[in-house]
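# Architecture and fold: a report
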Amino acid sequence: MRAQTLIQPPVIALLLLGGVGWLVSSGGGFSARDARSTPPAGVPSSLDLWTSTPLAVGNNVTQVLETDDVTLLEYRMGDEKLPVWFAQVGGFGNRAAFHPPELCYIGSHFEVLERGPITVLVNGQSRKVMRLVIRQGPERFEAWYWFTANGRTTPNYYQQQWWLLADSMQRKPMSGTLVRISTPIEQPESARRRLLA
């Protein structure tokens, strides 16, 4: 009798893990058509004095990210020589579409010089974002990114994944994004001002 008692908890745990795995792999029983009665809101083509130019999204990008919901834009303000690049990856029902951008940068032969969360003031509200300083050859760039999950925002990839998993277990649609903005660094303060703008 005692041996059976010791075996049962691991069996129950395996069954629970199997059930969670099925929910995650099935997207929580929802499809994109189930939850989207209207198309997702687009990214603005202009922000105050900034105007954007769409950038091409290669097939290799959509294959790696396992989603075709990818938006790449280059924003410029007036005669400002240096741009701000905007990237947004959506992954409805697909947690695999998200990963920390530094993985892509390292895979593209960039060196990560600095990484850490920072707090910025946006429209009078404090927002936490993850900050990267990266280098490729002599060029340096600053990037800020954050994740969303059904309206919640975090700079932490694992927090987003937990939220999406919890939504799936509650049979809610798994809907999230990765948003990244980046710019060249000629002077650190100027780069931060551009990203804030």
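Scope of this entry: the structure provided in the associated data block. Every chain's residues receive numbers from 1 upward, in the order its sequence appears when written. Predicted model: local features are reported for residues with pLDDT of at least 70 only, side-chain atom pairs are reported and counted for 80 or more only, and whole-chain, interface and lining totals are derived from all residues. Side-chain calculation: all heavy atoms of the structure are included, whereas hydrogens and water are not.

## Digging into the pairing of strand β2 (residues 50-54)
Counted only if it meets this: Paired strands, in this sense, are two strands between which DSSP finds at least two bridges. By the criteria applied, helices consist of DSSP H or I runs no shorter than four residues and strands consist of E runs no shorter than two, each listed in order from the N terminus.
In terms of strand pairing, strand β1 (residues 46-47) meets β2 through 2 bridges, oriented antiparallel. Residue pairing in the sheet places Leu47 in a bridge with Trp50 of β2. Across 5 bridges, β2 lies against strand β3 (residues 70-77) in antiparallel orientation. By the bridge assignment, Trp50 is partnered in β3 with Met77.

## Let's talk about the pattern of salt bridges
Threshold: Salt-bridge detection follows one rule: a side-chain nitrogen of Lys or Arg within 4 Å of a carboxyl oxygen of Asp or Glu. A 1.4 Å probe rolled over the protein chains alone gives each residue an accessible area, and that area as a share of the maximum for its type sets the label: buried under 20%, exposed over 50%, partly exposed in between.
Summed over all chains, the structure comprises 9 salt bridges. Close ionic contact of Arg76 with Glu74 constitutes a salt bridge, the shortest N to O distance being 3.3 Å. Across the salt bridge formed by Arg192 and Glu142, the nearest N and O atoms sit 3.5 Å from each other. Residue Arg192 is located in helix α6 (residues 188-196), and its partner Glu142 is located in strand β7 (residues 139-149); the two are separated by 50 residues in the primary sequence. What makes Glu142 buried here is its relative accessible area of 0%. Through salt bridges that share partners, Glu114, Arg131, Glu142, Glu189 and Arg192 make up one connected network.

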